[in-house]
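Fold and geometry: a report
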Amino acid sequence: MSEPNDDTVSFGYENVSPEEKTRRVGEVFTSVAQKYDVMNDAMSLGMHRGWKDRFVRRVKPQPGENILDMAGGTGDIAFRMADRGANITVADINQEMLDVGAQRAMERDESEEAGSLVFTRQNAEEVDFASNSFDAYTIVFGIRNVTFKDKALAEAHRVLRPGGRFYCMEFSTTQWSGFREIYDVYSDQLLPRMGQMIAGDADSYRYLVESIRKFPKMAEFESMIAKTGFVNTKVESILGGAVAIHSGWKI
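The structure contained in this document is the topic of the report that follows. (Residues numbered from 1 in each chain as written. Predicted model: local features only at pLDDT ≥ 70, side-chain atom pairs only at ≥ 80, totals over all residues. Heavy atoms only, no water.)

So, the packing of helix α7 (residues 179-199) against helix α8 (residues 202-214)
Where α7 contacts α8, the axes come no closer than 7 Å and their chain directions differ by 150°. Compared by their axis directions, α7 and α8 come out roughly antiparallel. In this structure, α7 meets α8 at a crossing whose hand is right-handed. Across the interface between the two elements, Tyr183, Asp184, Ser187, Asp188, Leu191, Pro192, Gly195, Gln196 and Ala199 from α7 touch Ala202, Tyr205, Arg206, Val209, Ile212 and Arg213 from α8. Grouping the constituent residues of the contact of α7 with α8 by class yields eight nonpolar, three polar and four charged. (Axes fitted to C-alpha atoms, helices over the stretch in contact; angles between N-to-C directions. Helix = DSSP H or I, 4+ residues; strand = E, 2+ residues; numbered from the N terminus. Parallel < 35°, antiparallel > 145°, perpendicular 65-115°, else oblique. Left-handed = near helix turned anticlockwise from the far one by under 90°. Contact = heavy atoms within 4.5 Å. Nonpolar A, V, L, I, M, F, W, Y, C, P; charged D, E, K, R; others polar.)

A closer look at unusual backbone geometry
Even without being a glycine, Ala71 presents a positive backbone phi close to 60°. Structurally, Ala71 is set in the loop between β3 (66-70) and α4 (76-82). The backbone of Phe141 shows a phi angle near 50°, a positive value even though the residue is not glycine. Using a relative accessible area of 9% as the deciding quantity, one classes Phe141 as buried. (Buried < 20%, exposed > 50% of the residue type's maximum accessible area, 1.4 Å probe, protein only.)

Quick notes on the pattern of salt bridges
Applying the stated criterion across every chain yields a total of 14 salt bridges. Residue Asp76 is joined to Lys52 by a salt bridge in which the shortest nitrogen-to-oxygen separation is 2.7 Å. Within this pair, whereas Asp76 is found in helix α4, its partner Lys52 is found in helix α3 (residues 47-59), the two being separated by 24 residues in sequence. Note on accessibility: Asp76 and Lys52 belong to one class, buried. For Asp83, the salt bridge goes to Arg108, with nearest N and O atoms at 2.5 Å. (Salt bridge = Lys/Arg side-chain N within 4 Å of Asp/Glu carboxyl O.)

Concerning the packing of aromatic side chains
Applying the stated criterion across every chain, the model contains nine aromatic pairs. Pairing Phe129 with Phe134 gives two aromatic rings, centres 5.2 Å apart and planes at 90°, and the pair type is edge-to-face. Taken together, a centroid distance of 5.0 Å and an interplanar angle of 55° make the contact between Phe215 and Phe221 tilted. Overall, the relative accessible area of 5% leaves Phe215 in the buried class. Put simply, the rings of Trp51, Phe141 and Phe171 pair up and form one aromatic cluster. Looking at Lys151, its charged tip hangs above the ring of Phe148, at a distance of 4.7 Å from the centre. (Phe/Tyr/Trp six-rings, centres within 6.5 Å; stacked < 30°, edge-to-face > 60°. Lys NZ or Arg CZ within 6 Å of the ring centre and 35° of its normal.)

Concerning the sheet that holds strand β6 (residues 134-140)
Hydrogen bonds along the backbone pair up the strands of a sheet, which may run parallel or antiparallel. Read from one edge of the open sheet, seven strands run β5-β4-β3-β6-β7-β9-β8, paired in mixed fashion. Since the sheet does not close on itself, it has two edges, and those belong to β5 (117-121) and β8 (231-238), each with one partner. Sheet twist, expressed as the mean angle between neighbouring strand axes with direction ignored, is 15°. In this sheet, strand β9 (residues 243-249) lies alongside β8 in antiparallel orientation, the contact comprising six bridges. (Pairing = 2+ DSSP bridges.)

A look at the packing of helix α6 (residues 149-159) against helix α9 (residues 218-228)
Relative orientation of the contacting elements α6 and α9 amounts to 50°, with a least axis distance of 9 Å. Comparing their axes, α9 and α6 come out oblique. Crossing handedness for the pair α6 and α9: right-handed. Residues Lys149, Asp150, Leu153, Ala154 and His157 of α6 form the contact with α9, whose own contacting residues are Phe221, Met224, Ile225 and Thr228. Class assignment of the residues belonging to the contact of α6 with α9 gives a composition of five nonpolar, two polar and two charged.

Here's the deal with the pairing of strand β7 (residues 160-171)
Burial analysis of β7 places nine of its 12 residues in the buried class, the great majority of the element. Crossover connection from β6 via α6 to parallel β7: handedness right-handed. (Right-handed = clockwise from strand over helix to strand, strands pointing away.)

Here's what the structure looks like:
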């Protein structure tokens, strides 16, 4: 593994230019978009559904609130929040993921109390929204794929209104001894094979495993959120930290 320099960023275990990472991450999600939700069920044995329900309970979306769901392409989080009456702007850098989410939205049975859904292509590092526009900002299993995470966090802070809340759920590193070793074997050996069988793409899921390993540990990422300007930051670990829910407030 080569050492990074000031002009490169990590793409899994490789060091590439920022432009190359953005392009290659785009290719990953273009490749897996149609099977993304099926793979989520397979990879997590269905547990991701419970994690997402738990995440939305922490966000507490309210009727009439405006929430930006970044990297929310296929709509899993957005639909849950819209069902509680919030108005959701679903943003993603990948058009194929957005297309899947928009198609799913058209096929949904919505209640009369459901909030609105808007799908828009956006780069998390530089979004096309005015400052102080949203009551909440959510990003789920997406920020580890952003080239410059500090820029994305700064944009999240900018577009939130004073009193707005930031919530991020991301894979991390489990601290449970025993489970950690099993999880590593599962990630390294089984997930790429599963990606090949279900999505026809082992390499993309090999990258996703590597991107999790390269992502900052829970305390380090919480510190990054606080340095952006968020207050009352918290981290809630799931499965010993294999998954973590981060939160903070803008004042």
